[in-house]
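Breakdown of the fold
Okay, here's what each chain looks like letter by letter:
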Amino acid sequence: MQTTLEKDLLRKILFFLLVLFCVSPFASSPVALALGIAFTIIIGNPYEQKVHKYIHLLLQISIVGLGFGLQLDEALKAGREGITLTIMSITTVMVLGYFLGKFLKIERPLSYLISVGTAICGGSAIAAVTPIIKPTTKQMSLALAIVFTLNSVALFIYPAIGHLLNMTQEQFGLWCAIGIHDTSSVVGAANKYGDIALKVATTVKLSRALWIIPMSLLTMVLFKTKGAKIKIPWFIGYFIIAILLHTYFPIFEGFSHIATTAAKSGLNLTLFFIGSTISIATLKTISWKPLFLAIVLWVIISVGSLLMILK
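The structure contained in this document is the topic of the report that follows. Please read these numbers as outputs of a predicted model, since none were measured by experiment.

Note on placement: K7 falls in helix α1 (residues 4–22). The sequence separation of K7 and L283 amounts to 276 residues, and the corresponding C-alpha distance is 25 Å.

Printed below as a string of structure tokens:
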């Protein structure tokens, strides 16, 4: 009969074996996420608290690495194509989120967190406005749990829908960047679809993430908060530097393949870590009204942007 220490050791060994698999060429984004979820639900994550600390850092490093696979003209073209959809989608989600949240009688901070997370970039946007609106710990945890759960669903269904509708890689990359909440799932879904989709999705999503800054300023006005600090996504600047180095300095040409390959492996590992934080206990915290709000907003932004892209 195994002791508690032996079981814990086996869990840790299996966790590290899965980590190695996720950074190998055999893994894909959906598989990495599914493995993380299954591992935590069936066995339990022995590093749940530690993993949270590394998710955002690993994602940011991976995003910067993807910048070495982009040329400046590609990035500018993708950014121009996505700007109209970005403005329309953010405005629509924030307005609908406000009125639907009032109709469902959801606490204002919670409905606002869900709306911001859906409108801009998931957990990053929620984290950016949290110090400004000062929600309770339960409200913040609930908003993050809902957003991460829907992100996980999107990573599986978006590529399937894209193939079903015979979307081009450019169309799919743009759709991912507009319709999926968090950058990790956007890049994961696009990576599954193809390299061109990945380039478009990454560029449009990061230009979308910059809206965190004006949204934070608007939040300070709406919630009448004074002295709050605005969280600026500085890593996007490093992503732009990586694009410029790859575009104008031929010496980085050989390095770009290594950087982008490592970035894709880092992305898979990030998704495995994210999946490993989604437990039964986390899912049980989700109540129906906030979930309903999040699903309605997500369906509206997904279907609306899809129709505009395919027209």
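Having seen the model, we can carry on.
This part takes up the environment of I213. By the secondary structure assignment, I213 is in helix α11 (residues 212–222). Look at I213 and you get partly exposed, because its relative accessible area is 26%. Between the C-alpha atoms of I213 and K77, which are 136 residues apart in sequence, the distance is 23 Å. When neighbours within four sequence positions are excluded, I213 is seen to be in contact with I230, I232 and P233.

Positive phi is not limited to glycine here, since K105 has a value of about 60 degrees. Along the chain, K105 falls in the loop between α4 (72–103) and α5 (108–119). Despite not being glycine, N166 shows a phi value in the positive range, around 55 degrees. With respect to the element layout, N166 can be found in the loop between α7 (137–164) and α8 (169–179).

Let us now look at the packing of α8 against helix α15 (residues 288–310). Contact geometry for α8 and α15: axes closest at 9 Å, N-to-C directions at 155 degrees. Relative to α15, the element α8 lies roughly antiparallel. As α8 packs across α15, the resulting crossing turns out to be right-handed. Mapping the contact onto sequence places Q171, L174, W175, I178 and G179 in α8 and W298, I301, S302, S305, L306, I309 and L310 in α15. Its residues assigned to classes, the contact of α8 with α15 shows eight nonpolar, four polar and no charged.

Where two aromatic rings form a pair, the distance of their centres and the angle of their planes describe that pair. The tally for this structure, following the rule as stated, stands at 14 aromatic pairs. For the pair F15 and Y47, a centre-to-centre distance of 5.3 Å together with 55 degrees between the ring planes defines the contact as tilted. Of the two residues, F15 sits in helix α1 while Y47 sits in the loop between α2 (29–42) and α3 (48–67), which places them 32 residues apart along the sequence. Judged on exposure class, the residue F15 and its partner Y47 are both buried. Judged by centre distance (3.9 Å) and plane angle (15 degrees), the rings of F172 and Y193 are stacked.

Rules of the game
Residues numbered from 1 in each chain as written. Predicted model: local features only at pLDDT ≥ 70, side-chain atom pairs only at ≥ 80, totals over all residues. Heavy atoms only, no water. Helix = DSSP H or I, 4+ residues; strand = E, 2+ residues; numbered from the N terminus. Buried < 20%, exposed > 50% of the residue type's maximum accessible area, 1.4 Å probe, protein only. Contact = heavy atoms within 4.5 Å. Axes fitted to C-alpha atoms, helices over the stretch in contact; angles between N-to-C directions. Parallel < 35°, antiparallel > 145°, perpendicular 65-115°, else oblique. Left-handed = near helix turned anticlockwise from the far one by under 90°. Nonpolar A, V, L, I, M, F, W, Y, C, P; charged D, E, K, R; others polar. Phe/Tyr/Trp six-rings, centres within 6.5 Å; stacked < 30°, edge-to-face > 60°.

Honestly, that's just the spatial picture; any functional story needs more than this.
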